[in-house]
Every structure is written in structure tokens, then in C-alpha cells.
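# Coordinate inspection notes
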Amino acid sequence: MLDSFQEIDLYRAQHLFKNAFSANIAMFAGIALIGTYYYVSVGAPLLIWIITMSLIAGSRILIAQQYFIDQKKGFKRLSIQNWLNLYIASSLLFGITSASLVLCMPDNMKPADISVMYIAFFSTMAGSITSLSIVLPAYLSLITPIFIASFTFSFFVPSRLTLFISTASLIFYIFIVTSARLLNKRYVQNFALIIENDTLIDKLHEENIQKELAQRKLIRNQELLEEKVAQRTKELSNINDILVDEINERRRIESNLKHIAHHDALTNLPNRLLLDARLNHAIKRAKRSELQVAVMFIDLDHFKTINDSLGHDVGDQLLISVSNRLLHCVREDDTVARLGGDEFIIIIEQVQDIGNLDALLKKIMKVTSQTVSINNHELSTSASIGVSIFPDDGKNAEQLMRNADAAMYHVKENGRHKYHFYTRDLTATAYDHVILETDLKRAITKEQILVYYQPQVLLKTRKIVGVEALVRWNHPDLGILPPKQFLHIAEKAGLMNAIGETVLTTACEQMVKWKQQGLPIETVAVNIAGDQIHHTDLVATIKAILQKTGCKTEWLELEITEDFIIKKTKKSISTLQRLRDLGLSLAIDDFGTGYSSLSYLKQLPINKLKIDRSFVSDIDHDKEDATLVQAIIAMGKSLGLRLIAEGVEHHSHEAFLSEHGCEYAQGYLYSKPVPAEVIEKLLLNKDEERRKNIKLISK
């Protein structure tokens, strides 16, 4: 059997040699016209040229005939590639001989004679493109000598006309070669499609044969059964009953398979395949009736937290409950489908007034927010909904789905639990995200990632004893960007590990400089993303950075978010234990914001809890937050953990935390995140006695 490349070569050869006869006959005609025009003024040299050209054209026809003879015999004389090479060689010979026409021309050529010669050259180059561009080397072999002859003719017969036409021949050559490449590419693509179609046809034919054989076998079985009717009446009755049952079972199975292929296994809602079909049908129907179609993209808020913390069984039951509620919100003609995960799509057909959708959207928001009891858990979620309208927001199903998705993500990024109609600005925002992602990839290599530091204070003495390293992006056009403006892009683009390693290296290098200066900074805290723990050899990376920078393990503290506790795995716990064994301090960041994290706390090898700023900011006014902070402090102390509160902005916060036993604090009361040199100045201002002994070296 031939592989795909050989099959394409076979098609190219067949088309090339099929066109050989007509193409070379056309060449005969062109040779005759040129001979008739120039014979009187040229004479014998032209006669030799005409005979040579005719012989070459005739030989090319004979080559084509011999190819088809050899093809019938299975290419016993030459391979397909050798036949193509033979024809390419004949094309080169034809091109060189054609170009030699300039050698036959008299010295006293008139402008009309020159024009006719160039017309003949250009006609040959243009006329052969359709037949020879199938095999690009053959076409180039033919036209390149002709182009060289036409281009250099002005050097032998210098005149304004020949100079102009030679220049034109260069432009024409470039154009005609480009066109030939495009035609060749199109031919190859068409041949590939033909081969693919032939393969599919053969496959379908084979399947039909198998079906026919199966049908014949079934018929034979039925005939055998009929032959035994007279002898086994009772058995036949039983067999018939069995056959009826089997047929019914097969039909039931086929019906179930068809249903499974078009419906979600969990919720029994239409899946993506059936959704696309219904949306396309709704669009066609809307075009006929000149009405609109609404596509609602629904994503449940915080579903992943519920799924990860309470288990997939609870998550599945919640999805089933939500799907049933959504079905009760829409009309019988409308469609509710599940794309996967916690994403649902609703198609509202025959929409006359978009304003009428608000009531339905509010109803959906209400039912998806209702509490549901599952396995003794009272669960509540909410929905973020994006809406696109046909035909204003898209002319086809793909555009409507994409734009509804963009509107939904706009809601996700702006507080959740809302609905938003698609606008063109959302597409522009998505484009901006792509641009930022590209810039961010460059930022890592061009050292645009900066590290700022926020002091951490010992409440007992109000002295700076540590700092937290916080990433910043020095964008060349947008200036200094905080992490909330680019880390989510980095996470989606898979850049978190590179950024995390950059921040960790910079922080360790800076810590070594501070120690060399004699600054009283005990530790630098660096945030570690979940991707760094789950998807890299974090222990090996940190060992390498510590060795490279000369930073000691007791100077470095790693912070992990409480969200990581929910997603913990045995591998991740093992990684943290190995880090702890190195002598590193481990802290839980944003403590108190997670879901059911207390049950996992004692399993982690941590040293410190970091109370989230959302609780600290309202401890003066919110009794629940104050009580929760006290509870966290008491729990941390009972587990032998150090405690640090972030977001301390007022002296009242400081007094409350100090009174209830919190040891450390961090926040704008002491300083916002600043560059390293500002930290040094803060320490100088705090401790005048050290001023003489400290030499600033950070730049």
C-alpha cells in the first residue's frame, strides 16, 4: 500500500501526465507561430530551434504515454518519483531550449520583433502554470531559463524597450512563481482531501459489506429456524418469544444509547452536542420569524469549594438540585443544558422584547440562591450569568456562546451573583487580557518583576522584626501594577512557577544584603502558590536558591494560603514536611477565610497563623469578627503556633490584638509595601544608634 505522500505524488503525476498531451500540443502551436513570424528574418538557426523544440515537445508526449503504460503494469519500469524526475528534466530541457530563442534573434531587431519575442516568453510562462504548477519543480525548471533569457536580453540588445521589458520580466517572474506556489499548495490540499474522501468511502464500503454479511447471516439463521417449524413447534414458540424480547431489549438499548449520547449523565439535561443542534435550530427559526434568541451562560459561584470540601457526591446532588430548579424557570420550548462542571446554558427562543428577560433572570438568580439540604449540610450558592442575544451579539451558535461566556466572566470578575448582557467592550477586555499575558511573558525575561516589602512588627516592642515579600510588575507602559491586576492572568497562562521563583530568589538575595548591613530583620516571608507545591519539585528549587544566594533557612518563611489546605494531597503534605525539615518556617496566609480548614490544621507542619485582614478591619465595630479573631488567637496558642494579624490600620486594632495575645502585626499603620531601600530608611529612622554602623548597599 502507498502512504499518504506517495498517494499525493501519484495524483500529481496523473494530472501532470494527463495534461501533457494538450499542453505540448499548445507548445507545438506556439512554436509554429513563432517560426512563421521570425523565419524570414532569421532563417536556418530558427529552423533548428523549431525542430529541437518540436522534438522535445514530442518526447514529453511520449514520456506521458509511457507513464500510463507503466502505471497499468504497477510501475515496474520506474517509480512514480522517477517518472516525475524524468518529466522535470524534460521541462528543464524545454525551458533551456525555449530560452535559446534569444540566440537566434538578429542584431537589428525591430521593437515589434522584440515585443513578439517577449510575448512568446511571457505566454509560455503564463500558459504552463495551470498544467505544471501541480509539480512545482517542473514548472520552475521550465520558466526559470526563459526568465533568465528575457531578463538578460537587455544586456545584449540594450535599448529603452528591452530594459523596460526586462525589468517587467523580473516582476512578472516573482508574481508567476508566487502564483504557482499558491496553485501547487491548493492542488496538494485538494489531493489530500480526495485521498481522505477515498479512504472514508473505502471504510464505509467495508462497513456496508460487514453489515450485508451480518444481514445475510441473520437471514440464514431465520431460514434455519423456519425449517425446524414443523418438527419443533413448541421450541419455535419459545424461540420466537426470546427473539421478541431480544429485539425489544436491543431497541431499548439503542434508545438509551441515543439518549446518553445527547444528554448529561448526571442531570439528564441536554449536553453540548444536543445544545448546539437546538441553538442552531432556534437561530433558523428566529430568522424566519424575525424574532430574537437569548443565550444565558450560568456558572455557579464557589461550587468548587463545596465540591472539594464536602466531596463530589454532595457536589453532584447540588448540581441535580440546581438543574431541576432551572427547568422550572423556563417554558417547555426553551432549553436548559449542562456543559460540564457547574456550567449551565439556557436557550430562550422567540424573544420579542429583551426587557422581558429581566424577570426571568431575577427568577433564576433567586432559585439558584435558595438553600438546599444535602447529607445534613445546609448549602447555598449563587449564580453568575452572562447573556448574549441573536442577532445583535452573534450570527451563529459559536459567537453567541463565546459572547455569553465573556459576559459571565465579566460578572465573575466584578463580584459574582449578578447577570450581565454582552457588550462589545467585553471582547475588547478579553483582547486586553491577551495583550497583558504576552507582556507578562516578556516581563519575566526582561526583569520587570519587582519585589516590594511590607514590615512585620513585634507588638510587644513595636519594632520591625520581619518583612513580607510582595510581587509587583513594572509595566513599561502602565507603570507599577499590583498583583491583583496580573496574577490571575499569570495563573491561567501557567506563569506562576516562574514568577514565584523570581520573587523567592530576589527576596533571598535582599535578605542576605540586609544581614550584611547589620539590619535587625529576622525573616522575610514569601508567598508560595499552590501550583509551586503541586506541580514542581519545590524542595529542590528552594535548596538551589538558598545555595545560590547564600540565604540561611532560618531567615526564610514560606506562606501558603488556607485555600491550599482544602486542596491538600498526601504529596503536598509531604512536601511541606520536607521544607519544615530543612529548617524553614511555614505560615498559613489568609487564615479564617477558608471552608472547613480547622479539621485539617493539625495535619500541617506549620509554625504560624496569619489572621486575614477582612476580620481585623472590623474588630472595632463587628462583634462577630472580634469574637472570631479572639477564637483564632486562642486556638493558635493552644496548638503552639505564633500569630500575626494583617491589615492593621489603626492603633485600636493594635491595642485589641496586643491585649488578646497576638504577637505580630502587619499593615498600613506601620507602612504600605515599599521597595527595599525604603525599608532600610524606616529601620534607620527607628534606630538612630545603628545609623553609624549601617552602610546602605541596596540599589
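Okay, so let's go over this structure. (Residues numbered from 1 in each chain as written. Predicted model: local features only at pLDDT ≥ 70, side-chain atom pairs only at ≥ 80, totals over all residues. Heavy atoms only, no water.)

Its location among the elements puts Gln666 in strand β16 (residues 664-666). Since its relative accessible area comes to 1%, Gln666 is described here as buried. Separated by 3.0 Å, the side chains of Gln666 and Gln456 make a polar contact. One polar contact links Gln666 to Lys610, side chain to side chain, over a distance of 3.1 Å. Residues in contact with Gln666, not counting those within four places in the same chain, are Gln454, Pro455, Gln456, Glu468, Lys610, Ile644, Ala645, Glu646, Gly647 and Val648. (Helix = DSSP H or I, 4+ residues; strand = E, 2+ residues; numbered from the N terminus. Buried < 20%, exposed > 50% of the residue type's maximum accessible area, 1.4 Å probe, protein only. Polar contact = N/O pair within 3.5 Å; in protein donor to acceptor, adjacent residues only side chain to side chain. Contact = heavy atoms within 4.5 Å.)

Close contact between helix α8 (residues 136-156) and helix α9 (residues 160-227) brings their axes to 8 Å; oriented N to C, the two are set at 170°. Considering their axes alone, α8 and α9 lie roughly antiparallel with respect to each other. Two secondary-structure elements touch here, α8 through Leu136, Tyr139, Leu140, Ile143, Thr144, Phe147, Ser150, Phe151, Phe153 and Ser154 and α9 through Thr162, Leu163, Ser166, Ser169, Leu170, Tyr173, Ile176, Val177, Ala180, Arg181 and Asn184. Residues that form the contact of α8 with α9 fall into these classes: 13 nonpolar, seven polar and one charged. (Axes fitted to C-alpha atoms, helices over the stretch in contact; angles between N-to-C directions. Parallel < 35°, antiparallel > 145°, perpendicular 65-115°, else oblique. Nonpolar A, V, L, I, M, F, W, Y, C, P; charged D, E, K, R; others polar.)

Backbone hydrogen bonds are what pair the strands of a sheet, in a parallel or an antiparallel way. Pairing is mixed across the open sheet formed by five strands, whose spatial order is β2-β3-β1-β6-β7. On the outer flanks of this sheet lie β2 (335-340) and β7 (419-421), each paired with one strand and no other. When the angles between neighbouring strand axes are averaged without regard to direction, this sheet yields 20°. In the sheet, strand β1 (residues 292-301) pairs with strand β3 (residues 343-351) via seven bridges, with the strands oriented antiparallel. In the sheet register, Asp299 faces β3, and the bridge partner there is Glu343. Contacting β1, β2, β3 and β6 (382-390), helix α11 (residues 272-289) runs over the sheet at an angle of about 20° to β3. (Pairing = 2+ DSSP bridges.)

The next subject is unusual backbone geometry. In this structure, the amide linkage connecting Phe390 to the following residue, Pro391, adopts the cis form with an omega of 5°. Take Pro391: it is sitting in the loop between β6 and α15 (397-413). The backbone of Asn268 shows a phi angle near 65°, a positive value even though the residue is not glycine. When you line up the elements, Asn268 lands in the loop between α10 (233-262) and α11. A positive phi is found at Arg462, a non-glycine position, where the angle reads about 60°. Position of Arg462 relative to the elements: it lies in the loop between β8 (449-458) and β9 (463-475).

Quick look at the packing of helix α18 (residues 496-517) against helix α20 (residues 538-549) now. For the pair α18 and α20, interaxial distance at closest approach is 9 Å and the crossing angle is 35°. Our pair here, α18 against α20, has a crossing hand that is right-handed. Residue-level inspection shows Glu501, Leu504, Thr505, Cys508, Glu509 and Val512 of α18 in contact with α20, the latter providing Thr541, Ile542, Ile545, Leu546 and Thr549. (Left-handed = near helix turned anticlockwise from the far one by under 90°.)

Moving on, we come to a nonpolar patch on the surface. A cluster of nonpolar residues, Leu47, Ile51 and Leu55, forms a patch on the protein surface that exposes about 290 Å² of accessible area. Inspection of the secondary structure puts Leu55 in helix α3 (residues 44-72). (Patch = residues over 30% accessible without salt bridge, like charges linked within 9 Å, V, L, I, M, F, W, Y side chains within 5 Å. Areas by Shrake-Rupley, 256 points an atom, 1.4 Å probe, with all protein chains shown as cover. Salt bridge = Lys/Arg side-chain N within 4 Å of Asp/Glu carboxyl O.)

Turning our attention to the pattern of salt bridges. With the rule as written, the count across this model stands at 15 salt bridges. The residue Asp264 makes a salt bridge to Arg338 at a minimum N-O spacing of 3.0 Å. Taken together, the positions of Asp264 in the loop between α10 and α11 and Arg338 in strand β2 put the pair 74 residues apart, joining distant regions of the chain. Both residues of the pair, Asp264 and Arg338, count as buried. Salt-bridge contacts for Asp301 lead to Arg416; the nearest nitrogen and oxygen are separated by 4.0 Å. Of the two residues, Asp301 sits in strand β1 while Arg416 sits in the loop between α15 and β7, which places them 115 residues apart along the sequence. Using a relative accessible area of 1% as the deciding quantity, one classes Asp301 as buried. Overall, the relative accessible area of 31% leaves Arg416 in the partly exposed class.

Remember, this is a structural readout, not a statement about activity or role.
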